[in-house]
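Listed here are the chains, written in short residue letters.
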Amino acid sequence: MLTARHDGNDSVSRIRRFATPCSRLTVLLTVAACSSSDRPTAPQSPPEFNISDAMHEGGTPGFYFLPPMVARPTFGGTFDSAVSTLDPQIALCDVTNGTDTNCGRADGTPAVMVFTTTGAPAMTLDAAAQQYHVNWDTKGPAFLAGHTYRVHVTAGASGARRELGFADVLLTTTPGQARNLASGDLIVLNDGGTLPIHFRIETGIPGSLALSARTASVAVGNADVITGSVADLHGAPLAGATVAWTVATTPATGVSDATQPLNPTSGQTSTAGTTATTFKAGTTLGTATVTAASAGLSAPASVTVSQPTPVAIAASGPTSQWAPAGTAVASPPAVIIRDGAGNPVAGSR
């Protein structure tokens, strides 16, 4: 079990109204702590300063940045202290000239620094305070004044690992550029000091979302069942997760039923971590992409809407009747052609 070591915040001063100019490097948090509509007073382009967690920008429910980065949030979930499985990580990328992509991953933007539970300094668990913690020393040569760095937090077991949130931090030599709009405070970090990064992860956060269709192709007018499976950050089935369903088609109209293409359009996962919707095909051949979304995760499933294939033919009228030669029988001979689901097939010859 990892325990937190508190180094203290002596180098961090909180100034409510004014900051005295000085030559030392300061760190200004360019995040608003009261609502998603708040924005700092620093320049907006580039980059657009931002923060994403359960309290900001509709971020991941159950994940929270904590003071001194933001004002203390209100939360009521259960803290997830399983640090060995969660394996939380922080990656810092320079976003001064624009946003990054997959910060710190082999296929993404190179990270300026990565914090892990085994690195130095190590990210630690403070079980008493119910938070994770690491100190960011901004004095290193890799960090430049006037640049903005995005703090990405990821966690989760293999197959259920995801980014939980991020926050932008501006390094500046000019105190007063950015303010915490909720409290009027300005967080100032002296050159050579550290910025404490604290965050909270709660149980029940979706870590992965996967979809499967009952069949890859459905005939016009017929239906297909799409099932979503949600697992938590530990890879275990997650019950009670809300999943919202949408559908897009090519061509745009006619491929899905015009009245009710999806039923339902949202639902909650069962104890097995699954929930489903029914896609109803229209009368036009094409492709339907059904997408599920849950707590910032999304996954698609593709269904081809095709012409039904005849597989059975049967008489649809009398099978035994007679008439004199050269005259018609009372009921003209007729057959009905059905597909594999037993539905009549129109247009067959």
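Residues numbered from 1 in each chain as written. Predicted model: local features only at pLDDT ≥ 70, side-chain atom pairs only at ≥ 80, totals over all residues. Heavy atoms only, no water.

*Asks:* So what about the overall build of the protein? Which residues, and what values?
*Replies:* Scanning the protein from N- to C-terminus turns up 1 helix and 23 strands. Evaluated residue by residue, the protein yields a buried proportion of 41% over its 349 residues. Sequence separation of at least 24 residues holds for 68% of the intrachain contacts in the protein that already meet a minimum separation of 6. (Helix = DSSP H or I, 4+ residues; strand = E, 2+ residues; numbered from the N terminus. Buried < 20%, exposed > 50% of the residue type's maximum accessible area, 1.4 Å probe, protein only. Contact = heavy atoms within 4.5 Å.)

*Asks:* Describe the packing of aromatic side chains, with residues and values.
*Replies:* Within the structure shown, the criterion is met by 8 aromatic pairs. Ring geometry for F63 versus F65: centroids 5.2 Å apart, planes at 75°, classification edge-to-face. The exposure class assigned to F65 is buried, which follows from its relative accessible area of 0%. The interplanar angle of 80° and the centroid separation of 6.3 Å between the aromatic rings of W136 and Y149 together place this pair among those described as edge-to-face. (Phe/Tyr/Trp six-rings, centres within 6.5 Å; stacked < 30°, edge-to-face > 60°.)

*Asks:* So, the sheet that holds strand β18 (residues 266–268): which residues are in play, and what are the values?
*Replies:* Pairing is mixed in the open sheet, where 5 strands are placed in the order β14-β21-β20-β16-β18. Both outer strands of the open sheet, β14 (217–219) and β18, are each paired with one neighbouring strand and no more. Sheet twist, expressed as the mean angle between neighbouring strand axes with direction ignored, is 30°. Here strand β16 (residues 242–250) runs beside β18; their pairing, made up of 3 bridges, is antiparallel. Following the sheet pairing, A244 is matched in β18 by S266. (Pairing = 2+ DSSP bridges. Axes fitted to C-alpha atoms, helices over the stretch in contact; angles between N-to-C directions.)

*Asks:* Account for the sheet that holds strand β7 (residues 124–126), with residues named and values stated.
*Replies:* Strand order in this open sheet of 4 strands is β4-β12-β8-β7, and the pairing throughout is antiparallel. Strands at the two margins of the open sheet, each flanked by one partner only, are β4 (63–65) and β7. Between one strand axis and the next, the sheet turns through 30° on average, direction left out of account. Pairing of β7 with strand β8 (residues 131–137), which is carried by 3 bridges, proceeds in the antiparallel orientation. What sits directly across from T124, in β8, is H133.

*Asks:* Describe the nonpolar core, with residues and values.
*Replies:* By size, the foremost hydrophobic cluster in this structure holds 31 residues, and its most contacted members are F65, I90, W136, F199 and I201. Secondary-structure elements contributing two or more residues to this core are β4, α1 (83–86), β5 (89–94), β8, β9 (148–155), β10 (162–172) and β12 (194–201). Contacts of I90, omitting those with residues within four sequence positions, involve M113, V114, F115, M123, V134, V151, H152, V153, I197 and F199. Among the nonpolar cores identified, the runner-up in size contains 21 residues, and L262, A288, A299 and V305 belong to it. (Core = buried A, V, L, I, M, F, W, Y, C linked by side-chain atoms within 4.5 Å.)

*Asks:* So what's going on with the pairing of β12? Residues and values would help.
*Replies:* Within β12, 7 of the 8 residues are buried, which leaves the element mostly enclosed by the surrounding structure. Pairing of β4 with β12 involves 3 bridges; the strand directions are antiparallel. Directly across from F63, in β12, lies its bridge partner I201. For β8 and β12, the ladder comprises 6 bridges, and the chain directions are antiparallel. Within the sheet, the bridge partner assigned to N135 lies in β12 and is P196.

*Asks:* Residue-level account of the pattern of salt bridges, with values.
*Replies:* Inspection of the entire model under this criterion finds 4 salt bridges. A salt bridge links R200 to E202; the shortest N-O distance between them is 2.9 Å. Owing to a relative accessible area of 2%, R200 belongs among the buried residues under this scheme. We classify E202 as buried; its relative accessible area is 6%. Between D224 and R214 there is a salt bridge, with its nearest N and O atoms 3.9 Å apart. Of this pair, D224 sits in strand β15 (residues 223–232) while R214 is found in the loop between β13 (206–213) and β14, placing the two residues 10 residues apart along the sequence. The exposure class assigned to D224 is buried, which follows from its relative accessible area of 0%. (Salt bridge = Lys/Arg side-chain N within 4 Å of Asp/Glu carboxyl O.)

Structural measurements only, silent on function.
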